[in-house]
Structures are given as C-alpha cells and as structure tokens.
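Coordinates in review
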Amino acid sequence: KQEVTQIPAALSVPEGENLVLNCSFTDSAIYNLQWFRQDPGKGLTSLLLIQSSQREQTSGRLNASLDKSSGRSTLYIAASQPGDSATYLCAVKAVWDSNYQLIWGAGTKLIIKP
Amino acid sequence: NAGVTQTPKFQVLKTGQSMTLQCAQDMNHNSMYWYRQDPGMGLRLIYYSASEGTTDKGEVPNGYNVSRLNKREFSLRLESAAPSQTSVYFCASSEARTLALSGNTIYFGEGSWLTVV
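Described below are features of the structure shown in this document.

Rules used in this analysis
Residues numbered from 1 in each chain as written. Chains lettered and ligands numbered in written order. Predicted model: local features only at pLDDT ≥ 70, side-chain atom pairs only at ≥ 80, totals over all residues. Heavy atoms only, no water. Contact = heavy atoms within 4.5 Å. Buried area = accessible area lost by both parts, 1.4 Å probe. Salt bridge = Lys/Arg side-chain N within 4 Å of Asp/Glu carboxyl O. Polar contact = N/O pair within 3.5 Å; in protein donor to acceptor, adjacent residues only side chain to side chain. Helix = DSSP H or I, 4+ residues; strand = E, 2+ residues; numbered from the N terminus. Nonpolar A, V, L, I, M, F, W, Y, C, P; charged D, E, K, R; others polar.

1. Some details on the interface of chain A and chain B
Taken residue by residue, the interface counts 23 residues in chain A and 26 residues in chain B. Both faces combined, the contact of chain A with chain B buries some 1,800 Å², and carbon together with sulfur accounts for 56% of it. For the chain A face of the interface with chain B, the top three residues by lost area are Leu44, Gln101 and Trp104 of chain A, together amounting to 26%. Linking chain A with chain B are 2 salt bridges. Of the charged contacts in the structure, one is a salt bridge between Glu110 of chain B and Lys42 of chain A, with a shortest N-O distance of 3.5 Å. Counting the contacts that link chain A with chain B gives 3 residue pairs in polar contact (both at pLDDT 80 or more). Those elements giving two or more residues to the side of chain A that touches chain B turn out to be β4 (32-38), β5 (44-51), β9 (86-96) and β10 (99-104) of chain A. Split into classes, the residues belonging to the side of chain A that touches chain B amount to 10 nonpolar, 10 polar and 3 charged.

Rendered as structure tokens:
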C-alpha cells in the first residue's frame, strides 16, 4: 500500500532563507506527484505537478524535484517571505483499489519569521 | 470566480444526529470528491463521483453516503453522526472523468469544520 510521509511536521525559519521541504513515498509506481499549499481556514491550492517521467518543475521561487527510484520529492523555496507561511502538502497519484487516486502526506507547517 | 463552494462552513452535531454537507462547482467539471482531513494525517478520500449519476467508495466510506445530484452538485450525508466523524471535510473537483487522465488539476473548496459531541 502506498504511503506518503512528510518530515518535519513543522518548520520555522527567518525571512530570506532558502529552504527545502521533503516528501517521501513507499512505492515508486506513481503516475505523478503534486505539491499543494493550504492556508488556515482555506482549501488547498495546487503549486506544482511533476509527471513520473520528469525530474523537476519550477514556478517562480518554487522548484520541485522528483526521484522515483529513491521515493523522494523536495520542494525548494527560494528567498522565503512571510507570505509563504502555510501548510505544504504533497500527494502522489497512484493506483488504489484498481483506480488512480491521490494519496496524501500529512503536510509540513511552515512559518516564516519576519 | 466561485470555483468550489461548500456549505456549511462550521457545524456542531450531537451524536446520532444527521446532516448533509453541500458542495457545488461552477467549472463544468466531471469528477467530484469528498475528503476528510484529520490532525497529523493526510487527506483521506471518502467518496468520489467520476460523472453525473455515478459514485464510488474511497478509502474511508463507512458512516457516509453521497449523492451526485447533477453535474454541479455532490452532497455528503452523515446519517447518524459519531464523535469519530469530527473532522474537516473538503469537497474537490477536477475536469477529467478519471484521475488516470491528464496531469489534471484538482480544485478544492474551503472546507467544512464538523464537530460531533
């Protein structure tokens, strides 16, 4: 059964630092991997999607990498800002019960200190 | 630009009461989903609907029923609420009829906070 883990559960860094969030999964047979952002009291917003054949995707200050063989993805945030404070979740699309579904990590709560 | 709209946003229920969470999307999406989010755990799929008139169980369907009323609306019903159903519930939608198609983007509502006492 595919399991997705995000460590650490929480992270606090000073503004301006570059940082890396981690996501690991137990089965390399994934279709794609997505990173989402969740703000308190809000829904989730998709940030980046990496297909299984890709190694990385970039959007502005965000860069996500994927290493299927090691079961890992990282989300790199450059020059962090207080507005980046949120919970970041990763999800893999994989086969579950004969259908493709998104399987989610529990998230990393990120706090950027001014 | 409403996207996915869920109601109610907050609800407190007594054990054994019933209620329905409503969800509507205005993006003409085929697929709709209900997830629950609990502290320290990832989102877990309760039910999903790949198209109007069809529904399928997800990972944690027990204690819930759903209805895909039309293409826009997908409701989640708790027939006899239990404290274990205290959670944040998210409705979501995507264009594809199945997650197997495309690098689909999934859109979420803002969540419904449900407490069962």
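From this point on, the discussion continues.
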